[in-house]
Amino acid sequence: MKIEKQNFTCKRDGLTIRGIQYYPADFNESKSYPAVILSHGFTGNYMDSAYFGEEFAKMGYAAFAFSFCGGGKHTKDACFQSEGATTDMTIWTEVDDLLTVKDYVKSLPYVNDKELILIGFSQGGFVSGLTAAKCGEEIKKLIMVFPALCIPDHARRGCLGGSAYDPCHVPETIDCGVTMLGKRFHETVVDMDPYLELAAYQGEVLIIHGLDDKVVNYSYSVRAKENYQEGQCHLQLVRNMDHGLDAGQQESAFASMRQFLNGRKEILTIRVVITHVETVTKADTQIKNIFFNGYCDTKYFQGTVLPGGCDERKYDASGQEKVRAEYTLEGLDIQGEKCSIHIVNQWGGEEWKPVAETDSKALTWLNHADLTAVLEGGDGGPTVRIFADSSLL
């Protein structure tokens, strides 16, 4: 599916903000579309969000990515950068940039201003959270990916952006290697309580954070989840993910974002542990059987995958693959009663479509629920996240 895109600009305090818009699939300017605004991380630019911009456009969103004023590196990709000096940039000037882009997006006649989503990565995630707190009900949902909520702590320690300086004697210019920050950046965050700032937003929140993040420890996102109201924020901790996304992690992160935006909630999180693999060939078909066990520890069910779970992958002569996983969980349901859940999971063309059968009275609704799944790669076997429509819960 080819997605149309074009550059856009808008102004904040005389500075030109540069960005790119991804038009929704089968765009018709007489129609109304939901919109997502994507915010990049420290020293990045709007091209960092290209994958997500295109995927959201395929999903039917008008997607907008932009570069923060004073963002970017010293010399890299100047054509993708917005105006402004890096030494004038602060967290709050970036909030102002995002507010400006938000107003620009809302002014477009084909954007549904009741369906506006903010999505940010690292520093852009922090800025998106702060902006959502300022905008309130203007923002329908918020997604933060490894948000850099550590920034105030880093200012207090004198290590903003990987630099090293005396926080009691802050230099006028802070050398971060690939860029330079001004003293004002430090001054505007050193006394900040990021969780207090974020708490003003009362819409739905999704946070995705890697357990192996060496820049922003995942504990910052754990605390953020706890700081929001009960049930407001879903935190998705991802194994083997550092402060960045590889191709597979991009796909699984987008799949989880898609579930969140479609009003689906994670009900089962299954950690698969691969035990062995057997491969057989029948005529022109190669069959690879991946056997596994594992465990599930969620609000709705706690238990283990019984031995004999099998992910069957069939490859025909052309190399086309068909995948079908079947396994049984045994454990305790949400009421603490013993039960089993039998799951068959197959690829449905656009997403994984599991079918579940259970003898749990408390989870009877699983037997007729329309379920979807997201698979995240990881050492030793994937994590399988199963989602259901939130109206069932």
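Below is a short write-up of the structure. Quick caveat, the model's predicted, so the values are computed rather than measured.

With respect to the pairing of strand S11 (residues 264-282)
- Two strands pair when backbone bridges link them, and S11 and strand S18 (residues 383-389) are joined in this way by seven bridges, in the antiparallel orientation. Residue pairing across strands places arginine 271 opposite threonine 383, the latter belonging to S18.
- Pairing analysis gives twelve bridges linking S11 to strand S12 (residues 285-297), with the strands arranged antiparallel. Looking at the pairing, histidine 276 lines up with phenylalanine 291 of S12.
- Turn length for the S11-S12 hairpin, with the two strands adjacent in sequence and antiparallel, is two residues, and the turn residue alanine 283 shows positive phi of about 55°.

Description of helix H8 (residues 247-261)
- The terminal C-alpha atoms of H8, which comprises 15 residues, lie 21 Å apart, in line with the 21 Å expected from a rise of 1.5 Å per residue.
- Within H8 the residues assigned to the buried category are Gln249, Gln250, Ser252, Ala253, Phe254, Ser256, Met257, Gln259, Phe260 and Leu261.
- Near the N-terminus of H8, the side chain that reaches the backbone nitrogen of glycine 248, with its oxygen 3.2 Å away, is that of aspartate 246.
- Looking one or two residues beyond H8, the residue adopting positive phi is glycine 263, at roughly 75°.

So, the side chain of arginine 385
- With respect to the secondary-structure elements, arginine 385 resides in strand S18.
- Within the structure, the side chain of arginine 385 is placed 2.9 Å from the side chain of glutamate 266, a separation counted as a polar contact.
- A polar contact is formed between the side chain of arginine 385 and the side chain of glutamate 376, at a distance of 2.8 Å.
- For arginine 385, the residues in contact, after removing those within four places along its chain, are Gln236, Leu237, Val238, Glu266, Leu268, Thr269, Thr372, Ala373, Val374 and Glu376.

Remarks on the pairing of strand S15 (residues 338-347)
- The sheet contact formed by strand S14 (residues 321-333) and S15 spans nine bridges and is antiparallel. Following the sheet pairing, tyrosine 327 is matched in S15 by isoleucine 343.
- With seven bridges joining them, S15 and strand S16 (residues 352-358) adopt antiparallel strand pairing. Its bridge partner lying in S16, tryptophan 347 is registered against tryptophan 352.
- Counting the residues in the hairpin turn of S15 and S16 gives four residues, including glycine 349, whose phi is positive at 105°.

About the thresholds
- Residues numbered from 1 in each chain as written.
- Predicted model: local features only at pLDDT ≥ 70, side-chain atom pairs only at ≥ 80, totals over all residues.
- Heavy atoms only, no water.
- Pairing = 2+ DSSP bridges.
- Helix = DSSP H or I, 4+ residues; strand = E, 2+ residues; numbered from the N terminus.
- Expected span 1.5 Å × (residues − 1).
- Buried < 20%, exposed > 50% of the residue type's maximum accessible area, 1.4 Å probe, protein only.
- Polar contact = N/O pair within 3.5 Å; in protein donor to acceptor, adjacent residues only side chain to side chain.
- Contact = heavy atoms within 4.5 Å.

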